[in-house]
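# Topology and contacts: notes
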Amino acid sequence: VSDVIDTESDIQIPDAPARRSRRGRLYHGETRVDFMGRKWWGIGASMALILVTIISLLTQGLNLGLDFEGGVQWEVPSAHITDAQARAVLTANGVNAADAKIVTVSASGVKRLRIQTPAQTTAVRQKVSEDLAKSAQVSVNEISTNSVTAAWGTEITKKAVRALVVFIILVALFIAWRFEWAMALSAITAMLHDVLISVGIYSLLQLEVTPATVIAFLTILGFSLYDTIVVFDKVDENTARFAGARLPYDDVINVSMNQVLMRSLNTSLAAVLPVLSLLVVGAGILGAISLREFALALFVGLITGSYSSIFIASPLLAWLKGRTPKYRSLRAPRAIGIDLERLVMGGSPAARREAQRLRSAAHTGDTATAVLAPATPEVVLSHPPRPRKKKRR
Amino acid sequence: MRRKLIYSLVGIIILAVGLLTINLAAGYKPALGLDLRGGISVTLRPVPGQAYDKSSLDLAVGRIRERVDSFGVGEPEILRQDNAIVVNLPGVNDQKQALDLVNVTGKVYLRPVLACAAPPSATPVTSIVSTATTTSGTATTTVGSSAVVTLPTTTGAGVAPGSTPTTGSPGPSRRVNSVPPTTPPAASTTAATTGSSADTSTTTAGSGGATSTSVGLPFSDPNATQILPTRDGGRCQVGPSGGTGEVFVRDSAIPRIIGGGWGVTVDLKTGSSGEGVWNVLAKECFNGTTTCPSKQLAIELDGEIQSAPSVNAEQFTGSVQITGSFTKAQATKLAQVMNSGALPITLQAEAVQTVSATLGKDSLRAALIAGAIGIALVLLFMFLYYRRLALVVLIGLGVSGALIYSLTSFISRFYNGVLSLAGVAGLIVSIGVTIDSYVVFFERLKDEIRAGRSLRNSAQRGFKAAFHTILVADSVSLIGAAVLWYLSVGAVRGFAFYLGLSTMVDVFVAYFFTRPAVLLLARSKYMSGRKIMGMETAIDGAVQPLGATS
């Protein structure tokens, strides 16, 4: 990000105040990144990712776990049991060992054998567990089994899809009521983008989709919306603030993005740190397998969730709003560089002083300065408007 | 103003610490889900293609609970989620046992009673069961050798129902059509023998083919002669089923007061499938033929005799009355059973999951350690970035943590909720959302200070704006959590619950803790005249021009 921030620093504006270092400006929220000017970078990157996702989904599909496909799974501590022994146990119990999928997974430093077969009867399941325990020289209680009918998997999926549809409708209504329809549409598009990319990762790496994964996708969905709402709340506030200044919507978005940039970065970091810890410490070092897939999906989802609020939801909102009658007429070039920074920091004492200087220059007929002065709405909006009085009821 | 803030701040800290102390003192802990401590989870669903309604499922849940309780499984979790029933049995490792335990059919059988034994005096059902698992082998012999088993085939006399009136129990004897029951021949010592042997026996006796099991309640085998328990703890030997609850008209069984006591009336279906079947049975029992020597007709549900009324008419048309010394609750329960029996459901296990206890513990440990490290990293970052203000985050997380822990414990204790791995994950994810509330507020604060306001003023204005944002964003999270909770099954539900809980706690803490804490800090000497987040500010609001050279 820091590379992008300073691209306008070579523009010399007369009497420009001394600026802080790049990091300092980021820290102080005095950034002037022209997000809208670079929107095609973000959209292009997302398009590429989505294309990869779609190709992967079409060619490889998803690696659906036991809970969706139906079948039986055993997990045995494998200190004393080999792949071949496990297959022998299966064959002895009349299970076709050729159909069985046997992998070794490592959990808490203990290697475990994960055996998956198509559905079996209860008696066979119990017998296989006992025999496996015998071969592995462990108590039968050490063996985890999981048996699911295919019908149940379909049922879970149906329920999840139904929940998702209801959720999207309710949230769209809520955002439309609280803000506006364009925002609802943008936020939900960004959310679908995030889920699609997360699903793409699962398809691309052929990770197993389990019920925990579904939960992770739902979380991503929730977080993506949450993050977008926080950003849009700022846009909403700035729309009202710049309403009198007749500022093009692109500028409103740019200003809002810069104002929430630090918050977005901080929140993403704060949200990602525990998940990263879950991924690295929980799943990696301590070896809790059940946490790994969950954490991975979340990790990807949280990052795309923050990214899409700025690079997908906001440009889309700008495009939608820019076409409305109110903003269509405002075709001024986007404020960039120092102008943008002034808008971002609108109302600061420095900005106010600058505005005064410009005004007096124009008044005294100092045409040189007046011409040089950028005709940004910042001149109009030299100080933040007084907060609206509360309505009496 | 200042006083109000202090009240709020002190109030919430006392609340958090108080709740935590109460929980710790009372020993309430969040009940851990199956995936965190091992056990078996079975998900049941009605076999597709049959007509049923929610009340049939609710009844099935009740039946499973009775069975599980009779077996003595600690902290079982049995829930109906839409049209699925989830049974979580912590600490159980035997799959077959678990499946037997939840195998309820909801089928009501009408079986002629051969003989009945009095309820063993004041022996709770559960205690019968716990010994049953170990002594069932010998118990079978006892029952088999006792006279009662052979009784129906040799004599026509039944063992007296309710022959031990000292128990105060009405016994299994009920009357149909409110004609006084005929007193059967008095019980001999055989009854006592059976009574005591029944204490330890849970095995079905009688003809071969009866299921032998170690589970608390025996299985119904409608084609065999069986000894089955009655609801009040007695036992009856019943013959093969002569009909099912489907002879009754759906929802026609109504508990009502008949002749001074509670009873049940129920309508019979017309035609051979209803009245026809019933009247064949009624005739047998009324006449005391060898198939129904006791003149009683048992109404059995899943291996338990709900009622065994004497039949006092040979022919019934339209409806049947069952009277006796019922309490209102007993009559209601019987009516419910008969109604569900008119439309039984067959359940099948859709998913069976066993988690070994060690795997569960490992997952929990990993989640806890990872969570702790994650929180520590987040706090470190907060201190690096927001310096002194991060103190608010530190204490705030403590308050949130105490509240969530206490609420979880309360819910576990009183509403049978459990914390599963998905729930833990939901909580870890919510750390991000909780932190975001602080970040939004502090960034606002920075904006306000930069705009040239005093710290004190900034804190007030900043909170107002930030809280607005927090409310809107958290509402979306809450909508999500609520939708997921209502519409999904299994693990997703647990996740949604804890996401919703932590979101609500987040809003609560933001208003009652973060606001007073920051507002008070902004007035205190701790913050005054200092560089706050790199912003030079002073208490009097004199702001050094930002970034200006002059």
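Computed from a predicted model, the values in this text were never measured in an experiment.

### Observations regarding the overall build of chain B
- A tally of helices and strands in chain B yields 14 helices and 16 strands.
- In chain B, the proportion of contacts linking residues at least 24 apart, taken out of those at least 6 apart, comes to 76%.
- Here chain B has roughly 21200 Å² of accessible surface; of this, 60% comes from carbon and sulfur atoms.

### A few points about the overall build of chain A
- Scanning chain A from N- to C-terminus turns up 16 helices and six strands.
- The proportion of buried residues among the 393 residues of chain A is 55%.
- Taking as baseline every contact in chain A between residues at least 6 positions apart, the subset at least 24 positions apart corresponds to 76%.
- When the accessible area of chain A is evaluated, it comes to approximately 17700 Å², of which 62% is carbon and sulfur surface.

### Considering the pairing of strand E11 (residues 297-301) of chain B
Residues and elements named next belong to chain B.
- Among the five residues of E11, five are classified as buried, and the element is accordingly described as predominantly covered.
- Burial of E11 is two-sided: the residues Leu297, Ile299 and Leu301 facing one way and the residues Ala298 and Glu300 facing the other way are all buried.
- Taken together, the five bridges between strand E4 (residues 108-117) and E11 define a ladder with antiparallel strand orientation. Across the sheet, Pro112 pairs through a bridge with Leu297, a residue of E11.
- Bridge analysis of E11 against strand E12 (residues 304-310) gives three bridges, and the strand direction is antiparallel. By the bridge assignment, Ile299 is partnered in E12 with Ser307.
- Between E11 and the antiparallel strand that follows it, E12, lie two residues; Asp302 among them carries a positive phi value of about 45°.

### As for the nonpolar core
- By size, the foremost hydrophobic cluster in this structure holds 143 residues, and its most contacted members are Ile175 and Val235 of chain A together with Met382, Val392, Ile435, Phe442 and Phe513 of chain B.
- At 17 residues, helix H14 (residues 491-523) of chain B tops the list of elements feeding residues into this core.
- Each residue touching Ile435 of chain B, except ones within four places of it in the same chain, is listed here: Ala270 of chain A together with Val378, Met382, Val393 and Leu397 of chain B.
- In terms of nonpolar packing, the next biggest core, distinct from the first, is built from 28 residues, Ala253, Ala282, Ile299 and Val337 of chain B among them.

### Overview of the pattern of salt bridges
- Considering all chains together, one arrives at nine salt bridges over all chains under this definition.
- Several salt bridges converge on common partners, so that one network encompasses Asp227 and Arg263 of chain A together with Asp436 of chain B.

### Some details on the packing of helix H8 (residues 181-204) of chain A against helix H9 (residues 211-241) of chain A
Residues and elements named next belong to chain A.
- Between H8 and H9, the shortest axis-to-axis distance is 9 Å and the interhelical angle comes to 145°. Relative to H9, H8 is oriented so that their crossing is right-handed. Between H8, through Met183, Ser186, Ala187, Ala190, Met191, Asp194, Val195, Ser198, Val199 and Tyr202, and H9, the contact on the second element is made entirely by Thr213, Phe217, Ile220, Leu221, Ser224, Leu225, Thr228, Phe232, Val235 and Asp236.

### Here we look at H9 of chain A
- Over its 31 residues, H9 of chain A extends 45 Å from the first C-alpha to the last, a length consistent with the 45 Å expected when each residue adds 1.5 Å.
- In terms of residue burial, H9 of chain A counts as a mostly covered element, since 26 of its 31 residues are buried.

### As for the packing of aromatic side chains
Residue and element names in this part refer to chain B.
- This structure, assessed with the given rule, holds 18 aromatic pairs over all chains.
- An angle of 85° between the planes, with centres 5.1 Å apart, marks the rings of Phe497 and Tyr498 as edge-to-face.
- Classification of Phe497 by relative accessible area gives partly exposed; the value is 29%.
- Taken together, Phe381, Tyr385, Tyr386, Tyr438, Phe441, Phe442, Phe463, Phe467, Phe508, Tyr511 and Phe512 form an aromatic cluster joined through their ring pairs.

### Focus: empty space enclosed by the protein
- Tallied over the entire structure, the rule returns 14 cavities of 30 Å³ or more.
- Lining of the largest cavity is provided by 17 residues; of these, Leu218, Thr219, Gly222 and Phe223 of chain A together with Leu499 of chain B occupy positions nearest its centre.
- Going through the elements one at a time, helix H7 (150-178) and H9 of chain A together with helix H12 (421-450), helix H13 (455-487) and H14 of chain B are the ones with two or more residues in the lining of the largest cavity.
- With six residues, H9 of chain A is the largest single contributor of residues to the lining of the largest cavity.
- Looking at the lining of the largest cavity residue by residue, the class counts come to 13 nonpolar, four polar and no charged.
- What lines the second largest cavity is Val230, Asp233, Lys234, Glu237, Gln259, Val260 and Arg263 of chain A together with Val440, Glu443, Arg444, Asp447 and Thr469 of chain B.
- Across the lining of the second largest cavity, the residue classes break down as three nonpolar, two polar and seven charged.

### Points about unusual backbone geometry
- Despite not being glycine, Gln206 of chain A has its phi angle at roughly 55°, a positive value.
- Along the chain, Gln206 of chain A turns up in the loop between H8 and strand E6 (208-209).

### Remarks on the confidence of the model for chain A
Residue and element names in this part refer to chain A.
- With 73% of its residues at a pLDDT of at least 70, chain A reaches an overall mean of 75.
- No element of chain A has a lower mean pLDDT than helix H1 (residues 2-5), at 44, and none a higher one than H8, at 90.
- Across residues 1-17, where pLDDT falls below 50, the model places 26 contacts with residues more than four positions away in sequence or in other chains.
- Every residue in residues 368-380 scores below 50 in pLDDT, and together they form 17 contacts with partners more than four places removed in sequence or on other chains.

### What to know about the side chain of Ser198 of chain A
Residue and element names in this part refer to chain A.
- Looking at where Ser198 falls in the secondary structure, it is placed in helix H8.
- In this structure the side chain of Ser198 is engaged in a polar contact, spanning 2.8 Å, whose partner is the backbone oxygen of Asp194.
- Apart from residues no more than four positions distant in its own chain, Ser198 is found in contact with Phe217, Ile220, Val300, Gly301 and Thr304.

### Some details on the environment of Arg67 of chain B
- Looking at the element boundaries, Arg67 of chain B is found in helix H3 (residues 54-71).
- Put simply, Arg67 of chain B and Val102 of chain B are 35 residues apart on the chain and 7.5 Å apart in space, counted from C-alpha to C-alpha.

### Description of the side chain of Asn23 of chain B
- Within the secondary structure, Asn23 of chain B is located in helix H1 (residues 2-26).
- Discounting chain neighbours no more than four positions away, the residues touching Asn23 of chain B are Tyr28, Ser406, Ser409 and Phe410 of chain B.

### Description of the packing of helix H3 (residues 39-59) of chain A against H8 of chain A
Residue and element names in this part refer to chain A.
- Interaxial distance between H3 and H8 falls to 9 Å at its minimum, and their mutual angle equals 50°. Between H3 and H8, the crossing angle belongs to the class labelled oblique. Here the hand of the crossing between H3 and H8 comes out left-handed. Mapping the contact onto sequence places Ser46, Leu49, Ile50, Val52, Thr53, Ser56 and Leu57 in H3 and His193, Leu196, Ile197, Val199, Gly200, Ser203 and Leu204 in H8.
- Here the contact of H3 with H8 is composed, by residue class, of eight nonpolar, six polar and no charged.

### A look at the environment of Thr91 of chain A
- Relative to the elements of secondary structure, Thr91 of chain A occurs in helix H5 (residues 83-92).
- Within the local environment of Thr91 of chain A, its side chain forms a polar contact with the backbone oxygen of Arg87 of chain A, the two atoms lying 2.8 Å apart.

### Observations regarding the pairing of E4 of chain B
Residue and element names in this part refer to chain B.
- Taken across its ten residues, E4 has ten buried, putting it largely inside the fold.
- Alignment of E4 against strand E8 (residues 243-244), held across two bridges, turns out to be antiparallel. Residue Tyr109 lies in a different strand from E8, and its bridge partner there is Thr244.
- Pairing geometry for E4 and strand E7 (residues 235-238), over four bridges, is antiparallel. Across the sheet, the residue bridging to Cys116 is Cys236, located in E7.

Here is what the cut-offs are and how they apply
- Residues numbered from 1 in each chain as written.
- Chains lettered and ligands numbered in written order.
- Predicted model: local features only at pLDDT ≥ 70, side-chain atom pairs only at ≥ 80, totals over all residues.
- Heavy atoms only, no water.
- Helix = DSSP H or I, 4+ residues; strand = E, 2+ residues; numbered from the N terminus.
- Contact = heavy atoms within 4.5 Å.
- Areas by Shrake-Rupley, 256 points an atom, 1.4 Å probe, with all protein chains shown as cover.
- Buried < 20%, exposed > 50% of the residue type's maximum accessible area, 1.4 Å probe, protein only.
- Pairing = 2+ DSSP bridges.
- Core = buried A, V, L, I, M, F, W, Y, C linked by side-chain atoms within 4.5 Å.
- Salt bridge = Lys/Arg side-chain N within 4 Å of Asp/Glu carboxyl O.
- Axes fitted to C-alpha atoms, helices over the stretch in contact; angles between N-to-C directions.
- Left-handed = near helix turned anticlockwise from the far one by under 90°.
- Expected span 1.5 Å × (residues − 1).
- Phe/Tyr/Trp six-rings, centres within 6.5 Å; stacked < 30°, edge-to-face > 60°.
- 1 Å grid on protein atoms, 1.4 Å probe; cavity = no way out; pocket = protein on both sides within 12 Å on 5 of 7 lines; lining within 4 Å.
- Points joined across faces, edges and corners; volume = space filled by probe spheres on them.
- Nonpolar A, V, L, I, M, F, W, Y, C, P; charged D, E, K, R; others polar.
- pLDDT = per-residue confidence, 0-100.
- Polar contact = N/O pair within 3.5 Å; in protein donor to acceptor, adjacent residues only side chain to side chain.
- Parallel < 35°, antiparallel > 145°, perpendicular 65-115°, else oblique.

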